[in-house]
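# A look at the structure
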Amino acid sequence: MTHQEQQEILFRESLEAAMSWMKAVQERLRLNDNTQGPRAALEARLRETEKIHQSEHEGHLKFDKVLVAAEVLLQNGNQETRNITHARLKELKALWEETCTYIIHCHSRIEWVWLHWSEYLKAYEEFEMWLVSVCRSLEPEVELQLGVKEKLWQVDNQRVLLSDVQNQALLLERLVDEAAALNNRIQDPSVDQEAQERLHLAYNSIRDKADERLSVLQKMAEEHQMYQRDVLKFQAWLVSKTKELNTLTETEDTAENKLRALQTLDDNVASEERTLQHIEVMAEAVRANTSPGGADVVVEEAEELRLDWQRLRQSLCEAGESLKSSLESQSQYQSRCQRLGEDIGQLRGLLHRLTRDLETGDRIEEQMVGQWRKYMNIRNTLLAEESQVERLKAQLKELFHFSQDSQHLSDDVLAVVKEQQSVKCRAMKLCVESELGLRQVLQDPLHGFSQWSQVVSQVLESSAEVSEFSHVTMLVQNIQRLLKHSLQLQEQLRLMLLKRDLLCSVFGSDSAESLMTALNDTVRKREVLHNQLLQRKARLQGLISRTKDFGDACKSIRNKLTLLRERLISADSLQPDILAKKSQSDQQRVIKKDLEDCEDHITALETLVSSSSANRTQFERLYGDWRNLYKSIRVKVKESEESIGGHESFHVSLLNVEKWLMIMRQKLESYRSSTGEWSLDNRQQEAERALGEFPEKELQLHQTEVQGQGVLERTSEEGRVHILRDMKHLRESWMALHDLSLNLFRYTTLIRARCKTHRIRYRTQERLFIPDQDDYVGATLSAGDYEDRRREFEAWLQKENDTLSGILSTEGLLSTKELKIRQNTLMTLRSSVDWGQEQFQLLLMAWAVAGARADRGAEDVGMEEIRYRWMLYKSKLKDVGDLKALLNVKVNNTVQILYCASKMAPYLFPFYSALFLTRTYS
């Protein structure tokens, strides 16, 4: 046998051994590849697969042996042998990979199920132990407690137990889910559907029992609480009723009122017996659910309530008996008082009815006649009641013989007598006034005719020789109105002629006859004037109908519009003062009124427009010219009113500022002695308050100057000279007063700085900065903190100022979204002012410490600049106000204010910075 053949035999033997081992392993795995069944079988299969997994190295040795044998054949064998060897190796490798994968998967699957089952059993045992524990705690009967506090503790404990039971529901659900998952894999009775239902039933039983126990305990506690609340409420009620009885017996009142109040109180107390019985029933129920010691307390409380209630009833009965005896002695006095009171009431009722009848009504003729007659009847009734007043006085004299006080009846009699006299005087006055008013109303038609006849005469005279179309049309309209008024006068005069009897009763027979004669003359005159108006109206209407030349009428109206336009142009010029501006405004209003009258002429011209399109076009062009001119005059009138208002506002502001300057100069001069030296004499705070007014008045000065700029734009050159002179004088007065205030401020600062320097030096020697009511609260500061805090504060202030400047930029109109963003940013800036003030105060403290240690007497120029910038930023942020109006309205005014402020900055910088420092440290 050759070496080649021996190698082939060795390869076949090793291949068959490896193949047989793999097939045997796969057969063993197939027999153990099952997770169903009891736990012991699963554990045996797990051990078997674990052995197979551990024997994997044996198969690996057999596989390597085949590979070594195949390597020799592949190197020394022919092509056919190599092909056969390659094929068998390929088959072997596939089977080896399949076997290894099967080993791992099978062992892992069985091992995972085993571990899953073990974890489930552990959780199940813990849940079973918890069920047993809770069941044992719920088995004993409810333990009775001493009082409501103990019962509430018991309820809380039971509520905690129920909460624990409810929290276990999630664990139960997870346990059941795990059991269901295991049941799908192992199909064991210990985790089947019946086992899951048993878990649910056991848990639901425990939960229901705990819930039922909590309900019982809550009911017991609530009953005890309700009982205790009712007891306290009844006790408080007994105390209040006892106090009410004591107050009733001590108060000063009539015996009848006291007895009535006592009876009401006794009925109220008696009605509360039902409440007491209810409390006693509740006490029995509470006693049954309370421990013996607590039950005795409940019984004693109920018995004590019953005794207190009985004692209160007894006190009420005794007080009522004492009052009834005192009432009998007052019966006779009361009867007389009652009779007098009834008489007073009857007279007062009569006076009230008469007073209501004296109410005045509208000035209508029919109502005025009825009122006049009613007032006469009331006056006669009051004269007849004089005897009743005398009887009341006699009855009051009889009551004075009794010992009781009759002052109230005396006051009533006096009041009703005064009321009777007042009503009588008013009735007499109204009789006279109503008679005079009725006379005037009855004569109103005559006065109306007199005025109407004068207007008719004027119209007839003015329309005698009129020929212009527009005037003719206007006169026809006036005549139509007068004719309508004539018909109304005719009806009024006719009705007046029918009232002969009323006239005789009001004016007397003689005056009535003369009045009737005047009425007849007036009727005849009205008929004559009415006919003349009709004739004149017919003549004017005929003149209108004969007017056929549309062009002449149109030309006439256009000439009038031209004259009005020229008047408007001549009145449209700048004026020097308020009086001239008001005169100009009056002229413009007159032009506006003439234009409104011209509209009637244009409306009348429309009646002459024929079917010609040229006439219609000419009329529409004329009407358009009128509308344009009317719109222009309305604009001019509005601008003139605004100019007058602005000028008056500027004048008022100018006077207010000048008045303040004069008063403030007098006040500041009062702080100087006769030698010219400053002398406060314990008036330092008053001087500082006076200096504190300057910032606000400086802004008012800027506003006045801005108003002056606006007035200058609407004033002629002649008036500008005076306005500029007043503004210059105002500025010079301000600067002079400002210099005076700076001198005063330097004096007050010098006094305060001396005290402050002494205090800071003393504290730096002690190496502590101890705050008091004049200093800031802070820790010890070193001189090096000043530079760091200064740089940080300057950087923060610069950033905030740049942000505010960006918000206030007015490059065009903003959208709603952009405006909202800027408003939110502005709110953020305002909210950070408090933080910035705290940082500034810390910076001042560090600066003061650094200055004290360096023994510097002069102020740091850089610190003064920071003070001014911080003050300017806060003022700018405070004056923003309505952001939308600030960005879109009055941009020119804002520019002018900033311009004026920039001119004042060199003068105000040292004053504001020093003043701000003074306020900060004070």
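Residues numbered from 1 in each chain as written. Predicted model: local features only at pLDDT ≥ 70, side-chain atom pairs only at ≥ 80, totals over all residues. Heavy atoms only, no water.

## Re the overall build of the protein
Along its length, the protein carries 29 helices and zero strands. Buried residues in the protein amount to 37% of all 922 residues. Taking the contacts inside the protein whose residues are at least 6 apart along the sequence as the reference set, 82% of them involve residues at least 24 apart. Carbon and sulfur atoms provide 51% of the accessible area of the protein, an area that totals close to 54,100 Å². (Helix = DSSP H or I, 4+ residues; strand = E, 2+ residues; numbered from the N terminus. Buried < 20%, exposed > 50% of the residue type's maximum accessible area, 1.4 Å probe, protein only. Contact = heavy atoms within 4.5 Å. Areas by Shrake-Rupley, 256 points an atom, 1.4 Å probe, with all protein chains shown as cover.)

## Concerning the side chain of threonine 81
Its place among the elements puts threonine 81 in helix H4 (residues 79-138). Here threonine 81 is in contact with Gln4, Glu8 and Leu73, once residues within four sequence places are set aside.

## A closer look at the nonpolar core
Grouped together as the largest cluster of nonpolar side chains are 53 residues, with contacts concentrated most on Phe11, Leu92, Tyr120 and Phe127. Contributions of two or more residues to this core are made by helix H1 (3-32), helix H2 (39-54), helix H3 (56-76), H4, helix H5 (148-186) and helix H6 (193-250). Broken down by element, the residue count for this core peaks at 17 residues, all from H4. Residues contacting phenylalanine 127, with those up to four places away along its chain left out, are Gln168, Leu171, Leu172, Leu175, Leu199 and Tyr203. In this structure, Leu654, Trp660, Leu668 and Leu744 belong to the second largest nonpolar core, which totals 26 residues. (Core = buried A, V, L, I, M, F, W, Y, C linked by side-chain atoms within 4.5 Å.)

## So, the packing of aromatic side chains
In total, this model carries 17 aromatic pairs according to the counting rule given. With a centroid separation of 5.7 Å and 40° between ring planes, the pair formed by phenylalanine 793 and phenylalanine 840 is classed as tilted. One end of the pair, phenylalanine 793, is in helix H24 (residues 784-807); the other, phenylalanine 840, is in helix H26 (residues 833-854), and 47 residues separate them in sequence. The exposure class of phenylalanine 793 is buried, given its relative accessible area of 4%. With a relative accessible area of 0%, phenylalanine 840 lands in the buried category. On the numbers, 5.6 Å between centres and 70° between planes, the contact of phenylalanine 793 with tryptophan 870 is edge-to-face. With a gap of 77 residues between them, phenylalanine 793 in helix H24 and tryptophan 870 in helix H27 (residues 861-878) connect regions that are remote in the sequence. Three or more aromatic residues link up through ring pairs in this structure, and these residues are Phe793, Trp796, Trp835, Phe840 and Trp870. Sitting over the ring of tryptophan 678, arginine 672 keeps its end group 5.1 Å from the ring centre. (Phe/Tyr/Trp six-rings, centres within 6.5 Å; stacked < 30°, edge-to-face > 60°. Lys NZ or Arg CZ within 6 Å of the ring centre and 35° of its normal.)

## Notes on the packing of H3 against H4
For the pair H3 and H4, the least separation of the axes is 10 Å and the interaxial angle reads 165°. As the angle between them shows, H3 and H4 are arranged roughly antiparallel. Handedness of the crossing formed by H3 with H4: left-handed. Contact residues: Glu56, Gly59, His60, Phe63, Val66, Leu67, Ala70, Leu73 and Leu74 in H3; Thr81, Arg82, Thr85, His86, Leu89, Leu92, Lys93, Trp96 and Cys100 in H4. Grouping the amino acids of the contact of H3 with H4 by side-chain chemistry returns 10 nonpolar, five polar and three charged. (Axes fitted to C-alpha atoms, helices over the stretch in contact; angles between N-to-C directions. Parallel < 35°, antiparallel > 145°, perpendicular 65-115°, else oblique. Left-handed = near helix turned anticlockwise from the far one by under 90°. Nonpolar A, V, L, I, M, F, W, Y, C, P; charged D, E, K, R; others polar.)

## Some words on the confidence of the model for the protein
Overall, the prediction assigns the protein a mean pLDDT of 77, with 80% of residues at 70 or greater. A low-confidence stretch, residues 760-781 stays under pLDDT 50, and its non-local contacts, those more than four residues away or across chains, total 41 contacts. Across residues 889-922 the pLDDT falls below 50, and counting only partners more than four positions away or on other chains, this stretch makes 64 contacts in the model. (pLDDT = per-residue confidence, 0-100.)

## Some details on H1
Between its first and last C-alpha atoms H1 spans 44 Å; for 30 residues at 1.5 Å apiece the expected length is 44 Å, and the two agree. The complete set of buried residues in H1 reads Gln7, Phe11, Ser14, Leu15, Ala18, Met19, Trp21, Met22, Val25, Gln26, Leu29 and Asn32. If you follow the buried residues of H1, they end up packed against H2, H3 and H4. (Expected span 1.5 Å × (residues − 1).)

## Brief notes about the environment of methionine 727
Position of methionine 727 among the secondary structure elements: in helix H23 (residues 717-765). Overall, the relative accessible area of 13% leaves methionine 727 in the buried class. Put simply, methionine 727 and leucine 701 are 26 residues apart on the chain and 9.9 Å apart in space, counted from C-alpha to C-alpha. Apart from the residues lying within four places of it in its own chain, the contact partners of methionine 727 are Phe650, Glu705, Gly708, Gln709 and Leu712.

## What to know about the pattern of salt bridges
Two side chains with opposite charge may pair up if their charged atoms get near one another. For the structure on display, the rule yields 24 salt bridges. One salt bridge in this structure joins arginine 287 and glutamate 284, with 2.9 Å as the shortest N-O distance. A residue pair is termed a helical-turn pair when its members lie 3 or 4 positions apart in one helix, as arginine 287 and glutamate 284 do in helix H8 (residues 273-288) at three residues. Classification of arginine 287 as partly exposed rests on a relative accessible area of 36%. Among the salt bridges present, the one from arginine 665 reaches glutamate 669, with a minimum N-O distance of 3.9 Å. Of the two residues, arginine 665 and glutamate 669 both sit in helix H20 (residues 613-669), four residues apart, roughly one turn of that helix. For arginine 665, a relative accessible area of 31% corresponds to the partly exposed category. Its relative accessible area of 34% is what places glutamate 669 among the partly exposed residues. The network of salt bridges with common partners includes Glu273, Glu280 and Arg306. (Salt bridge = Lys/Arg side-chain N within 4 Å of Asp/Glu carboxyl O.)

## Re the packing of H6 against helix H9 (residues 292-327)
Look at H6 against H9: their axes get within 11 Å of each other, and the N-to-C directions meet at 20°. In terms of their interaxial angle, H6 and H9 are classed as roughly parallel. Remark: the crossing between H6 and H9 carries left-handed chirality. Packed against H6, whose contacting residues are His224, Tyr227, Val231, Phe234, Gln235, Trp237, Leu238, Lys241, Thr242, Leu245 and Thr249, the element H9 presents Val298, Glu301, Ala302, Leu305, Asp308, Trp309, Leu312, Ser315, Leu316 and Ala319 at the interface. Of the residues that constitute the contact of H6 with H9, the class distribution is 13 nonpolar, five polar and three charged.

## Comments concerning the environment of glycine 719
Structurally, glycine 719 can be placed in helix H23. What makes glycine 719 buried here is its relative accessible area of 2%.

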